[in-house]
Every structure is written in structure tokens, then in C-alpha cells.
Amino acid sequence: MSLTTKQKNWITKHNKSKSIKTLATDLDVNEKQVEKYLRSNKLTKQPNKIFYLVLILIPILFFLLLEFSLNIFNYGTDIPTWVKVTDTHYGLN
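The paragraphs below set out a description of the structure included in this document. (Residues numbered from 1 in each chain as written. Predicted model: local features only at pLDDT ≥ 70, side-chain atom pairs only at ≥ 80, totals over all residues. Heavy atoms only, no water.)

### Notes on helix H3 (residues 31–40)
Logical step 1: All of the buried residues in H3 are Val34, Tyr37 and Leu38. What you see down the axis of H3 is that its buried residues fit within an arc of 95 degrees, all on one side. Exposed side chains of H3 directed beyond 90 degrees from the buried face belong to Lys32, Lys36, Arg39 and Ser40. (Buried < 20%, exposed > 50% of the residue type's maximum accessible area, 1.4 Å probe, protein only. Helix = DSSP H or I, 4+ residues; strand = E, 2+ residues; numbered from the N terminus. Arc of directions from axis to C-beta.)

### Looking at the packing of helix H1 (residues 5–14) against helix H2 (residues 20–27)
Logical step 1: Here H1 crosses H2 at 145 degrees, and the two axes come no closer than 11 Å. H1 and H2 meet at a crossing whose hand is right-handed. Between H1 and H2, the contacting residues are Gln7, Trp10, Ile11 and His14 on the first element and Leu23, Asp26 and Leu27 on the second.
Logical step 2: Here the contact of H1 with H2 is built from residues that sort into four nonpolar, two polar and one charged. (Axes fitted to C-alpha atoms, helices over the stretch in contact; angles between N-to-C directions. Left-handed = near helix turned anticlockwise from the far one by under 90°. Contact = heavy atoms within 4.5 Å. Nonpolar A, V, L, I, M, F, W, Y, C, P; charged D, E, K, R; others polar.)

### Structural notes on H2
Each full turn of the α-helix corresponds to 3.6 residues, which orients residues three or four apart in the same direction.
Logical step 1: Every buried residue belonging to H2 is among Leu23, Ala24 and Leu27, and all of these are buried. Here the buried residues of H2 occupy an arc of 95 degrees about the axis, which is enough to place them on one side. Exposed residues lying more than 90 degrees from the buried face of H2 are Lys21 and Thr25.
Logical step 2: Considering only its buried residues, H2 is in contact with H1 and H3.
Logical step 3: After H2 finishes, the residue Asp28 shows a positive phi value of roughly 55 degrees.

Put into C-alpha cells, the structure is as follows:
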């Protein structure tokens, strides 16, 4: 038996505050019917794409800020790649 229009409206109204199991129990229907309706209308809770973007950007921004702040305050020694061996020759450090 499929869901009635009244049941679908009730599910749409309460899907954010109740789980699929609770919705099915309150309406006396099968959980699979409720889940199928929610998936067909894309009403299930899906993580936001912005969440994943922020999740990736936080460590990148942390290390960038760390590098810039260490560079601004001249922390550490400057180790040049090329060292002057003689007046006309350079060598790798």
C-alpha cells in the first residue's frame, strides 16, 4: 500500500525532527515506504558540500598562517641553497 497525500505531507513536515523509524511508527507504515518517499523527494539529511570544503580548508589555512607568521617574525635561520665558494663560483649548501 502506498502512502496517502496526507501521510506524505505529514512526513514532509516532520522529517527534520523525527527519525525514519519514528515517522513510520507514528503513521503505522513500513519504514521502507517512508525511506523511499524521502529519497524520491530528496528530503533525507545529507551533509552540505560546504562542510567538506571547510573541512579541507582549515588545515591548509592553518599551515599557511603558520608559515607566514614565522616568516614575518624571522623565526629560524635562513639556509641558502647556493653558497659563495669563491668570488666567481657558487656551490650547493
